[in-house]
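Coordinates in review
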Amino acid sequence: MSLRGLASRIGQLEGEGALAVFARARELERAGRSIIHLELGEPDFHPAPPVIEAAKCAIDAGRDRYVPPAGIPELRRAIAEYLHRTRQLSVEPDHVLVSPGCKTALFMTLLTLVEPGDEVLYPDPGFPLYRSLTRALGGVPVPYRLTRENRFLPDAGEMEAAITPRTCVLLLNSPGNPTGSVMDERVLGQLARLAVKHDLFVVSDEIYARIVYDAPFRSIAGLPEMGERTIVVDGFSKSFAMTGWRLGYAVAPPEVHLGLRMLVENSYTCTSEFIQWAAITALEDPSGAVPAMIAEYRRRREQLLGGLNTIPGFSCLEPEGAFYAWADISGTGLSDREIARYLLEEAGVASIPGSAFGAAGADFLRFSFASSAAQLEEAAARIRKVSSRWASAPARSSQ
Ligand SMILES: Cc1ncc(COP(=O)(O)O)c(C=O)c1O
């Protein structure tokens, strides 16, 4: 039997580094090894009890039907109110579109905006989907670098130099994965001026917006003239520890919203009804679960950073948001992949080599601190133990 080949766009898609490390870590576990999982961006919390209760009540009440493609009106209204309360954004509920996860919202947004040959500016290091999906759509991903010297914030001058008549989208992610940097008013103002001057859409991935430790989070969508050209994407996975519930949303200007709705109608029809009802309770957060989780992440940030910064050759800036330590390992003389391999195979600590997030991540490793304090302590001890491997090695290996 002969089969036709797959569509060429599939060959352009790249997998996620985290999932590849996770698969190897599970293999080692099956062989009897003890592994501490610091590779996945998955909170070790579960949703707050009132959210679980609300989902059960919604199922009992028969709220398991097809619903409008853009989401149930009650949740769209609750999201608009939430964004006003937590981000000072003035959002029309009509501009909200509920989706099964933030990734789906991102996927549909790029599908709506990117034509073959269009250029998309994206952060390097950054979430792998930005580059992968742009390429699959026939677009041209153009990286902008986030460097340690610039506290992993975008350099607007460098970005402007990369803009051409084919640039159509500026992708932003603050707080950022993997660096944990949070854009301040000054940077947001510079980027907003660029977007207006060059008539760009801005896709602002705000999935970590609630997880900030120092300054309050600001959305670029709140700046003058930005509401009409910004698509905010967000979700419940991180802020509400609801990864497996698959719930996210986009806030988009009307013509983009129409494109998104068409995609929903032509793909998954609507997002699960009872999960949407439970999400309203998550946003209201009657038990104060979100601030409690953030306080715990703040403690773990201190603990993990304290541990990593005592490892020979490691150096880590304090992340201002999200739950990742982005460790500069250039002082070890080994590559990110070599160190990640030692840590996983010999120390039983799973991390992600920085180059999985783009070429600019090659001297880094990402460690998630969404794991328990006891696991973080054990991870630091295990890493210290194997660090003698490189502490005595004088030169960078050629591998
Ligand atoms: C920057 C960023 N955007 C989006 C997502 C995906 O979120 P969701 O689980 O809602 O699809 C992640 C998850 O790791 C992320 O790090």
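Conventions adopted
Residues numbered from 1 in each chain as written. Predicted model: local features only at pLDDT ≥ 70, side-chain atom pairs only at ≥ 80, totals over all residues. Heavy atoms only, no water. Near = heavy atom within 4 Å. Polar contact = N/O pair within 3.5 Å; in protein donor to acceptor, adjacent residues only side chain to side chain. Areas by Shrake-Rupley, 256 points an atom, 1.4 Å probe, with all protein chains shown as cover. Nonpolar A, V, L, I, M, F, W, Y, C, P; charged D, E, K, R; others polar. Phe/Tyr/Trp six-rings, centres within 6.5 Å; stacked < 30°, edge-to-face > 60°. Helix = DSSP H or I, 4+ residues; strand = E, 2+ residues; numbered from the N terminus. Buried < 20%, exposed > 50% of the residue type's maximum accessible area, 1.4 Å probe, protein only. Domains from an automatic or database assignment. Contact = heavy atoms within 4.5 Å. Buried area = accessible area lost by both parts, 1.4 Å probe. Salt bridge = Lys/Arg side-chain N within 4 Å of Asp/Glu carboxyl O. Disulfide = S-S within 2.5 Å. Expected span 1.5 Å × (residues − 1). Pairing = 2+ DSSP bridges. Axes fitted to C-alpha atoms, helices over the stretch in contact; angles between N-to-C directions.

Looking at the site of the ligand
What surrounds the ligand is a group of 13 residues, the closest being Cys 102, Asp 205, Tyr 208, Ser 237 and Arg 246. Between the ligand and Asp 205, the relevant distance is 2.7 Å, taken from a nitrogen atom to a side-chain nitrogen or oxygen of the residue. Coverage of the ligand by the protein amounts to 92% of the 410 Å² it exposes when considered alone. Class assignment of the residues belonging to the shell around the ligand gives a composition of five nonpolar, four polar and four charged.

Topic: the packing of aromatic side chains
This structure, assessed with the given rule, holds 16 aromatic pairs. Judged by centre distance (5.7 Å) and plane angle (90°), the ring pair of Tyr 208 and Phe 323 falls under edge-to-face. Taken together, the positions of Tyr 208 in the loop between strand E6 (201-205) and strand E7 (230-235) and Phe 323 in the loop between strand E9 (315-316) and strand E10 (324-328) put the pair 115 residues apart, joining distant regions of the chain. We note that Tyr 208, like Phe 323, is buried. Measuring from centroid to centroid gives 5.7 Å for Tyr 208 and Tyr 324, while their planes differ by 80°, and the two rings are edge-to-face. With Tyr 208 in the loop between E6 and E7 and Tyr 324 in strand E10, this pair connects stretches of sequence that are 116 residues apart. Neither residue differs from the other here; Tyr 208 and Tyr 324 are each classed as buried.

Some points on the domain arrangement of the protein chain
In terms of domains, the protein chain is made up of domain 1 (8-46 + 289-391) and domain 2 (50-284). The C-alpha centroid of domain 2 is placed 25 Å from the C-alpha centroid of domain 1. Of the residues lining the interface, 36 residues belong to domain 1; the matching set on domain 2 comes to 35 residues. The contact between domain 1 and domain 2 buries some 3300 Å² in all, and 55% of this surface belongs to carbon and sulfur atoms. Of all residues in domain 1, Glu 14, Glu 320 and Phe 357 bury the most surface against domain 2, accounting for 20% of the area lost on that side. Inspection of the domain 1/domain 2 interface yields six salt bridges. Measuring nitrogen to oxygen at the nearest pair gives 2.8 Å for the salt bridge that ties Arg 131 to Glu 14. If you look at where domain 1 meets domain 2, you find 21 residue pairs in polar contact (both at pLDDT 80 or more). Counting only elements with at least two residues in the side of domain 1 that touches domain 2, the list comes to helix H1 (8-12), helix H11 (289-308), E9, E10 and strand E13 (364-368). For the side of domain 1 that touches domain 2, the class distribution of residues is 20 nonpolar, seven polar and nine charged.

A few points about the state of the cysteines
Counted according to the given criterion, the structure contains zero disulfides. In this structure Cys 102 is a free cysteine whose sulfur lies 18 Å from that of Cys 168, the closest cysteine sulfur available. You can call Cys 102 buried: its relative accessible area is 7%. For Cys 270, which is in no disulfide, the shortest distance to another cysteine sulfur is to Cys 102 and amounts to 19 Å.

What to know about helix H12 (residues 336-347)
Every α-helical turn comprises 3.6 residues, leaving residues that sit three or four positions apart pointing alike. With twelve residues, H12 should reach 16 Å at 1.5 Å per residue; the first-to-last C-alpha distance of 15 Å fits that figure. If you check which residues of H12 are buried, you get Asp 336, Glu 338, Ile 339, Ala 340, Leu 343, Leu 344 and Ala 347. Packed against the buried residues of H12 are helix H2 (17-30), strand E11 (349-350), strand E12 (352-353), E13, helix H13 (373-386) and helix H14 (388-391).

What about the sheet that holds E12?
Pairing is antiparallel across the open sheet formed by four strands, whose spatial order is E9-E10-E13-E12. Only two strands of the sheet have a single partner each, and these edge strands are E9 and E12. The pairing of E10 with E13 spans five bridges and is classified as antiparallel. Residue Ala 325 lies in a different strand from E13, and its bridge partner there is Phe 367. Where H12 meets the sheet, it contacts E12 and E13, and its direction lies at approximately 40° from that of E13.

Digging into unusual backbone geometry
Most peptide bonds adopt trans geometry, and most residues besides glycine take a negative phi value. In the segment running from Asp 124 into Pro 125, the intervening peptide bond is cis, with an omega of 5°. Position of Pro 125 relative to the elements: it lies in the loop between strand E3 (119-124) and helix H6 (129-136). Positive phi, normally seen in glycine, also occurs at Asp 199, with a value near 50°. Using a relative accessible area of 59% as the deciding quantity, one classes Asp 199 as exposed. One non-glycine residue, Glu 225, lies in positive phi territory at about 70°. Considering the arrangement of structural elements, one finds Glu 225 in the loop between E6 and E7.

A word on the pattern of salt bridges
Considering all chains together, one arrives at 23 salt bridges under this definition. For Arg 218, the salt bridge identified is with Glu 185, shortest N-O distance 2.7 Å. Of the two residues, Arg 218 sits in the loop between E6 and E7 while Glu 185 sits in helix H8 (residues 185-197), which places them 33 residues apart along the sequence. Here Arg 218 falls in the partly exposed class, since its relative accessible area comes to 29%. Classification of Glu 185 by relative accessible area gives partly exposed; the value is 48%. When salt bridges that share partners are traced, they join Asp 44, Glu 296, Arg 299 and Arg 300 into one network.

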